[in-house]
Amino acid sequence: MKDLERMMEAMSYVDHGLVEEAARPAKRRSRLGRVVLIAACLCLALTGTVLAVEKIFGVRLGWIEQSLNHSAYSVQAEVKQFDMTQFSRELQQDLEKGALDWAWDDWQSMQEYVGVPLLYSELLDQAEMGLSIRARYAVDGRLSLDRERTDLEQLGRPEQIRVMFSRVVDHAVVDIWAQMFTEYADEEALAQGIPGSAWGPTTRYTDDGKGNRLWEQKVFDRKSFSLDSYETKNGIQGAILTAREDNGSEEYVGYLVHNGVLYFVRAHGVMPDYEEVPDLRRLTEEILDSFGETGAMP
Amino acid sequence: MTDKKLVELYWERREEALERTQEQYGAWCRTIARNILDQEQDVEECLSDSLLSLWNAIPPARPLHFQGYLGAVVRNRALLIRKRRGKQEDTVSLAALELAECLPHTDGPEQKVEAEVLGQVVSEFLKGQKEDLRIVFLRRYWYADSVEEAAKHMGWSVGKAKSVLFRMRKKLKVYLEQEGWL
């Protein structure tokens, strides 16, 4: 018995970094993913154009991870790996200097700074700022593929550049990301899927009467995921993910993929002064439909 | 919120640190505790104790890998409660039994120090393995997943997981022999 206890104790001293690594969903390639990738290769070989692949495949579910109180998923999309020279010189210089976060007050300034042409939404550009992100347009450049902040030694070599903004539309808070994967992104991991948001369980607290806050977490977070293809009114390929809890409640995430950039749209909250919960699925569709090309590029 | 920022909150002694920790890692910690403890009451006790331990440990600690550090606190606490509850025939015992085959058989006052050093040696061994191999190893022997759960985590068949774990234990035994532990 002592040997057993000793071994279990010894394992507690294993490097914390390794423990974290094992906490993340394992990289895997679903059968569907393999089929899609093979089909994509065949399609490329036959047509020789990336555009054809985008139109055919859009966005698909990759791996799904589920345990008692944790759920996660990934999406596979025809994203590009952008060469760093495709971003603006200013952005490249900032990365070299180690400046990691940028905030812009207007779309045009942000777009010029990023350099890679992005889809524009007048609806979102003119909407009131949401609470989630403290800048009208934020640009983040120190991110791994799954949006984890990377270690200092990886400064200047982000796996993705992300534009983020938050808006209030129809009394709901909506977060929007445009994800541009760089030449530094792990090609194999990209093929397996880009990790989506896995929402944590609802946490509740009570007071024990002595001023101590007790942790009372009773709401499990087991969700099932499904993805419906969606083509916007402007003909852009995308999909809407539905995350369904065991109790029947649903959340939605909209995805678009255009010119190799992946767009993420999540309507997730209602403004405090508004009691009626809007139809978030319809709202997600409305926001996806609002995206279009700006035409002139910086 | 990044882990670095979270650690800063602990250093600033802001209670928000506990709230954020629960939001970001509550479910994960609960899974670790549940894998080791079978009574929900014990799981609750473990989680409350772990948060208190964390609050007391940071500062002075400034963990480089906050999540892993937190996981180790929860795991240690769960093992202590489990020990208090007495012998249990479950997946944790089975995992420990499998792994104990690789170990030297000694008892003594130096046991705690030895466990710490042994943990570091196991870490070095794991760092020399391919990523998927070390992950399945830790799923089974750190997180105390059943073989079926570890296989599911990896997207493997149960047979493959069993086979890989068997080979890993053999390799670990050889490694410990080379390092002078056996």
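Sequence order as written defines residue numbering, which begins from 1 separately in each chain. Numbering of ligands from 1 and lettering of chains from A proceed in the order in which they are written. Totals for whole chains, interfaces and linings use every residue, but because this is a predicted model, local features are given only for residues with pLDDT of at least 70 and side-chain atom pairs only at 80 or more, for both listing and counting.

**Quick word on the overall build of chain A**
Inference 1: Of regular secondary structure, chain A possesses 9 helices and 17 strands.
Inference 2: Put simply, chain A has 298 residues, and 36% of those count as buried.
Inference 3: Residue pairs are scored as contacts if the distance between their C-beta atoms, which are placed from the backbone, is within 7 Å. Of the contacts formed within chain A by residues at least 6 apart in sequence, a portion of 64% connects residues at least 24 apart. A helix here means a DSSP run of H or I that spans at least four residues, while a strand means a run of E at least two residues long, and both kinds are numbered starting from the N terminus. Here a residue counts as buried when 20 or more other C-beta atoms sit within 10 Å of its C-beta, as exposed when there are 12 or fewer, and as partly exposed otherwise, the C-beta atoms being derived from the backbone.

**A few points about the overall build of chain B**
Inference 1: Summing up its helical and strand segments, chain B has 9 helices and 0 strands in all.
Inference 2: Helices and strands appear in chain B in the N-to-C order α-α-α-α-α-α-α-α-α.
Inference 3: In chain B, which comprises 182 residues, the share counted as buried stands at 38%.
Inference 4: Counting only contacts in chain B whose residues sit at least 6 apart along the sequence, the fraction spanning at least 24 positions is 61%.

**A closer look at the environment of Arg157(A)**
Inference 1: By secondary structure assignment, the location of Arg157(A) is in the loop between strand 7 (137-143) and strand 8 (160-169).
Inference 2: Each C-alpha atom, one on Arg157(A) and one on Leu95(A), is 7.9 Å from the other, the two residues being 62 residues apart in sequence.

**Some details on the packing of helix 3 (residues 40-57) of chain B against helix 4 (residues 66-85) of chain B**
Residue and element names in this part refer to chain B.
Inference 1: Between N-to-C directions, angles cover 0 to 180 degrees, with each direction set by a line fitted to C-alpha atoms, over the stretch in contact for helices. Axis separation between helix 3 and helix 4 bottoms out at 9 Å; the angle between their running directions is 130 degrees. It follows that helix 3 is oblique to helix 4 by the angle criterion. Note that helix 3 runs across helix 4; the crossing there is right-handed. Listed contacts from helix 4 to Asp42, Glu45, Cys46, Asp49, Ser50, Ser53 and Leu54 of helix 3 are Leu70, Val73, Val74, Arg77, Ala78 and Ile81.
Inference 2: All residues other than Ala, Val, Leu, Ile, Met, Phe, Trp, Tyr, Cys, Pro, Asp, Glu, Lys and Arg, Gly among them, are scored as polar; the first ten of these are nonpolar and the last four charged. Residue composition of the contact of helix 3 with helix 4, by class: 7 nonpolar, 2 polar and 4 charged. Our angle categories are set so that under 35 degrees counts as roughly parallel, over 145 as roughly antiparallel, 65 to 115 as roughly perpendicular, and the remainder as oblique. Take the far helix as the reference: if the near one is turned anticlockwise from it by less than a right angle, the crossing is left-handed, and if turned clockwise, right-handed.

**Things to note about helix 2 (residues 16-23) of chain A**
Inference 1: Of all the residues in helix 2 of chain A, the buried ones are Leu18(A), Val19(A), Ala22(A) and Ala23(A). One side of helix 2 of chain A carries all its buried residues, which in axial view fall inside an arc of 145 degrees. The directions considered for the arc are those from the helix axis to the C-beta atoms.

**Here we look at the packing of helix 2 of chain A against helix 4 of chain B**
Inference 1: Running from amino to carboxyl end, helix 2 of chain A crosses helix 4 of chain B at an angle of 95 degrees, the nearest separation of the two axes being 7 Å. For the element pair helix 2 of chain A / helix 4 of chain B, the angle class is roughly perpendicular. Contacts between helix 2 of chain A and helix 4 of chain B pair His16(A), Gly17(A), Val19(A), Glu20(A) and Ala23(A) from the former with Gln67(B), Gly68(B), Tyr69(B), Gly71(B) and Ala72(B) from the latter.
Inference 2: A class-by-class count of the residues in the contact of helix 2 of chain A with helix 4 of chain B yields 4 nonpolar, 5 polar and 1 charged.

**Points about the nonpolar core**
Inference 1: Working definition: the nonpolar core is a set of buried Ala, Val, Leu, Ile, Met, Phe, Trp, Tyr and Cys residues, joined through C-beta atoms within 7 Å. Of all hydrophobic cores here, the largest spans 54 residues; its most connected members are Ala33(B) and Leu138(B).
Inference 2: Take this core: its biggest share by element is 8 residues, from helix 4 of chain B.
Inference 3: Segment limits for the domains were obtained from an automatic or database-derived domain assignment. For this core, the two domains that each supply at least three residues are domain 1 (3-85) and domain 2 (91-178) of chain B.
Inference 4: Sequence-distant contacts of Leu138(B), that is, excluding residues within four places in its chain, are made with Leu18(A), Val19(A), Ala22(A) and Tyr143(B).
Inference 5: In this structure, Ile161(A), Val163(A), Val174(A) and Ala178(A) belong to the second largest nonpolar core, which totals 49 residues.

**Quick notes on the environment of Glu40(B)**
All names here are of chain B.
Inference 1: Structurally, Glu40 is set in helix 3.
Inference 2: Note on Glu40: 11 C-beta atoms within 10 Å, which makes it exposed.
Inference 3: For the pair Glu40 and Arg30, spaced 10 residues apart in sequence, the C-alpha to C-alpha distance is 9.9 Å.

**Overview of the pairing of strand 16 (residues 261-270) of chain A**
All names here are of chain A.
Inference 1: Here strand 16 lies mainly inside the structure; 7 of its 10 residues are buried.
Inference 2: We treat two strands as partners when DSSP finds at least two bridges between them. Looking at chain direction, strand 9 (residues 172-182) and strand 16 are connected through 8 bridges and run antiparallel. Following the sheet pairing, Ala178 is matched in strand 16 by Tyr263.
Inference 3: With 5 bridges joining them, strand 15 (residues 250-258) and strand 16 adopt antiparallel strand pairing. Residue pairing in the sheet places Val257 in a bridge with Leu262 of strand 16.
Inference 4: Counting the residues between successive antiparallel strands, the hairpin from strand 15 to strand 16 contains 2 residues, one of them, Asn259, with a positive phi of roughly 50 degrees.

**Examining the pairing of strand 9 of chain A**
Residues and elements named next belong to chain A.
Inference 1: Most of strand 9 is tucked away: 10 of the 11 residues are buried.
Inference 2: Note that strand 3 (residues 81-82) and strand 9 share 2 bridges and pair parallel. Pairing of Phe82 across the sheet is with Thr182, part of strand 9.
Inference 3: Linking strand 8 back to strand 9 in an antiparallel pair, the connection comprises 2 residues, with Asp170 at a positive phi of about 50 degrees.

**So, unusual backbone geometry**
Inference 1: With omega at -15 degrees, the peptide bond leading from Ile58(B) into Pro59(B) counts as cis.
Inference 2: Note on placement: Pro59(B) falls in the loop between helix 3 and helix 4.
Inference 3: Pro60(B) follows Pro59(B) through a cis peptide bond whose omega is 15 degrees.
Inference 4: Following the sequence through the fold, Pro60(B) ends up in the loop between helix 3 and helix 4.
Inference 5: Phi is positive for Asn259(A), which is not a glycine, with a value near 50 degrees.
Inference 6: Among the secondary structure elements, Asn259(A) is positioned in the loop between strand 15 and strand 16.
Inference 7: Unusually for a residue other than glycine, Arg13(B) sits at a positive phi of about 60 degrees.
Inference 8: Residue position: Arg13(B) is located in the loop between helix 1 (3-11) and helix 2 (16-36).
Inference 9: For Arg13(B), a count of 10 C-beta atoms within 10 Å corresponds to the exposed category.

**A look at helix 6 (residues 107-114) of chain A**
Residues and elements named next belong to chain A.
Inference 1: Within helix 6 the residues assigned to the buried category are Trp107, Met110, Gln111 and Val114. The arc enclosing the buried residues of helix 6, seen along the axis, measures out at 100 degrees, which places them on a common side.
Inference 2: Once helix 6 ends, the next one or two residues include Gly115, with phi positive near 95 degrees.

**As for the confidence of the model for chain B**
Inference 1: For chain B, the mean per-residue pLDDT works out to 83, and 87% of the residues sit at or above 70.
Inference 2: We note a pTM of 0.50 for the whole complex and an ipTM of 0.84 for its interfaces. Within a predicted model, pLDDT stands for the predictor's per-residue confidence, ranging from 0 to 100.

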